[in-house]
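# Observations on the model geometry
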Amino acid sequence: DGDGQSEHLLPVCEDETCQRSAIYLTKLGLDQWIPVLQDFRNKDTVWGFVPYQNDKSSAEISFPITLHIGDYNMDGYPDALAILKNTSGSNQQAFLLENVPCNNVSCKSVRRMFRVFWELSDLNQIKDAVVATFFDIYEDGILDIIVLSKGYSNKDFAIHTLKNNFEADAYFVKVIVLSGLCSNDCPRKITPFGVNQPGPYIMYTTVDANGYLKNGSAGQLSQSAHYALQLPYNVLGLGRSANFLDHLYVGIPRPLGEKSIRKQEWTAIIPNSQLIVIPYPHNVPRSWSAKLYLTPSNIVLLTAIALIGVCVFILAIIGILHWQEK
């Protein structure tokens, strides 16, 4: 809900055949699970999660119920991908669950809910989908979709990639936190990069176009089972606000028994950029370094053209006035 704190999501089947499915949410300060999606009806068809078959003697591969999280429209509120099955038939497809403001009483306390995108033609064409996840194929900060579907037999699978054609004037920041480790003793004056690690937490604060404080947060590689298929980095949507990020906080896990929090802050981060954080040494956050890589967009080119045009116009006026004076 954009408050800077992470919530727990729980997709469930409320009966053995998944005729009634739901997604529940809980967060710090709540003592109960709040439903954020219970309506899986599309016109006269009822959909639900695919029930997990725990029969090891069966030749059919069964996938656990999993939500894959990603901000596909970069509005600052994470969306989800889920595999749903027609409860009155055998067809199962991947569906996009959009994070929208809550419009019923049941989710009023958490302010947000999921809405199923039923009419997404590209996803609807992929039949017998078993896994769907987000992936930035073009490395442009916009999350695309990868879908794995069954082939003619249960042992054949096909991979489909769908380009995200969402054309909104929205911004993002891409953050990856490395481990800051070497395979052996690091040579002097060489910063150990390491690889991406599970556990880091990223949070930003900025001001949106209306002047209100906006927060966003995410955990890096927060899941390791149930076909997590998570990206090694986090893409945080900033909405339509082109302002600098006022504060970006990065924290990493600390060993058992240690009291001090391993957290560092960076200010004035440029939107549409990739930040690579190297937490070295782990116990001295002041010494952590960050490398910023910019991803230029069409706005940069348009701004340059407009600036050159203004300069040419002013030079033409100055030239005419000089010629007249002469």
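Within each chain, residue numbers correspond to sequence positions counted from 1 in written order. Residues qualify for local features only when their pLDDT is at least 70, as the model is predicted, and side-chain atom pairs are given and counted only at 80 or more; totals for whole chains, interfaces and linings, by contrast, use all residues. Each side-chain value is worked out from all heavy atoms of the structure, with water and hydrogens disregarded.

- Under an unreviewed UniProt entry, the protein chain has the name TIP protein and belongs to Spizella passerina.
- According to UniProt, the comment filed for the protein chain under the heading Subcellular location (unreviewed entry) is "Membrane".
- UniProt positions are given in the numbering used here, feature names are shortened, and annotations may be inferred rather than shown by experiment. The protein chain has a UniProt comment under Sequence similarities (unreviewed entry) that states "Belongs to the TIP family."

## Considering the overall build of the protein chain
- Helix numbering and strand numbering both begin at the N terminus, where a helix is a DSSP run of H or I of at least 4 residues and a strand a DSSP run of E of at least 2. Helices and strands together make up the secondary structure of the protein chain, namely two helices and 20 strands.
- Dimensions along the principal axes, computed over C-alpha positions, put the protein chain at roughly 90 × 55 × 45 Å.
- Here the protein chain, with 326 residues, has 40% of them falling under the buried criterion.
- Contacts are assigned to residue pairs with any non-hydrogen atoms lying within 4.5 Å of each other. For the protein chain, long-range pairs separated by at least 24 residues make up 53% of all intrachain contacts whose partners lie at least 6 apart in sequence.
- Note that His is not counted, nor are the chain ends; the positive residues are Lys and Arg, and the negative ones are Asp and Glu. Charge placement uses NZ in Lys and CZ in Arg. For Asp and Glu, CG and CD serve respectively. Positive and negative side-chain charges of the protein chain, numbering 26 and 31 respectively, have mean locations separated by a distance of 6 Å. Buried residues are those whose accessible area, probed at 1.4 Å on protein chains only, stays under 20% of the maximum for their type, while exposed residues exceed 50% and partly exposed ones sit between those limits.

## A closer look at the UniProt feature "transmembrane region" (unreviewed entry) in the protein chain
- Sites flagged by UniProt as "transmembrane region" (unreviewed entry) map to residues 299-323.
- A distance of 36 Å separates the end C-alpha atoms of residues 299-323, which is 100% helix and 0% strand.

## Some points on the UniProt feature "domain: T-cell immunomodulatory protein TIP C2" (unreviewed entry) in the protein chain
- According to UniProt, the "domain: T-cell immunomodulatory protein TIP C2" (unreviewed entry) feature falls on residues 192-293.
- End-to-end, the C-alpha atoms of residues 192-293 are 18 Å apart, and along that stretch the chain is 0% helix and 44% strand.

## Concerning the state of the cysteines
- Two cysteine sulfurs form what is called a disulfide whenever their separation falls within 2.5 Å. Counted by the stated rule, this structure contains two disulfides.
- Here cysteine 13 is linked by a disulfide to cysteine 18, with a sulfur-sulfur distance of 1.8 Å. Linking cysteine 13 and cysteine 18, the disulfide has an S-S dihedral of approximately 85 degrees and is accordingly described as right-handed.
- Classification of cysteine 13 as partly exposed rests on a relative accessible area of 25%.
- Taking relative accessible area as the criterion, cysteine 18 reaches 1% and is therefore assigned buried.

## A few points about the sheet that holds strand E15 (residues 213-219)
- Two strands form a pair only when DSSP identifies at least two bridges running between them. The sheet built from four strands is open, its strands ordered E15-E14-E17-E18 with antiparallel pairing. This sheet does not close on itself; its edge strands, each paired only once, are E15 and strand E18 (263-269). Going across the sheet, the axis of each strand differs from the next one's by a mean of 15 degrees, ignoring polarity.
- As paired strands, strand E17 (residues 245-251) and E18 are joined by six bridges and run antiparallel to one another. Bridge pairing in E18 places valine 250 opposite glutamine 264. In this description, a line fitted to the C-alpha atoms serves as the axis of each element, helices being fitted only across the stretch in contact, and the angle between N-to-C directions of two axes falls anywhere from 0 to 180 degrees.

## Comments concerning the pairing of strand E11 (residues 144-150)
- Buried residues dominate E11, accounting for five of its seven residues.
- Across six bridges, strand E10 (residues 129-135) lies against E11 in antiparallel orientation. By the bridge assignment, phenylalanine 134 is partnered in E11 with isoleucine 145.
- In this structure, E11 lies alongside strand E12 (residues 157-162), joined through six bridges in antiparallel fashion. Within E12, the residue paired with serine 149 across the bridge is alanine 158.

## A closer look at the pairing of strand E14 (residues 201-207)
- As defined by bridge partners, E14 adjoins E15 across seven bridges and the pair is classed as antiparallel. Following the sheet pairing, tyrosine 204 is matched in E15 by glycine 216.
- If you look at the hairpin formed by E14 and E15, you'll find five residues sitting between the two strands, and glycine 211 has a positive phi there, around 90 degrees.

## Considering the domain arrangement of the protein chain
- One can read the domain layout of the protein chain as domain 1 (7-162), domain 2 (171-295) and domain 3 (299-325).
- If you average the C-alpha positions of domain 2 and of domain 3, the two centres end up 42 Å apart. Where each domain starts and ends comes from a domain assignment, either automatic or drawn from a database.

## Considerations on unusual backbone geometry
- Note that the residue after tyrosine 280, namely proline 281, is joined by a cis bond; omega there is -10 degrees.
- Tracing the backbone shows proline 281 in the loop between strand E19 (273-278) and strand E20 (289-294).
- One non-glycine residue, methionine 74, lies in positive phi territory at about 55 degrees.
- In this fold, methionine 74 is placed in the loop between strand E6 (68-70) and strand E7 (79-86).

## Some remarks on the packing of aromatic side chains
- Pairing of aromatic side chains here covers Phe, Tyr and the six-membered ring of Trp, requires ring centres within 6.5 Å, and sorts the geometry by plane angle: under 30 degrees stacked, over 60 edge-to-face, intermediate tilted. Under the definition given, this model contains six aromatic pairs.
- Between phenylalanine 95 and tryptophan 118, the ring centres sit 5.1 Å apart and the planes meet at 70 degrees, which makes this aromatic pair edge-to-face. Linking phenylalanine 95 in strand E8 (residues 92-101) with tryptophan 118 in the loop between strand E9 (112-117) and helix H1 (121-124), this pair joins segments that are 23 residues apart in sequence.
- On the accessibility criterion, tryptophan 118 (14% relative accessible area) is buried.
- Feature note: the residues Trp47, Phe95 and Trp118 constitute an aromatic cluster, connected by ring pairs.
- The ring of tyrosine 77 is capped by arginine 112, whose NZ or CZ atom sits 3.6 Å from the centre of that ring.
- The rule for a charge over a ring is simple: NZ of Lys or CZ of Arg within 6 Å of the ring centre, and within 35 degrees of the ring normal. Positioned above the aromatic ring of tyrosine 233, the side-chain terminus of lysine 174 is 4.3 Å from the ring centre.

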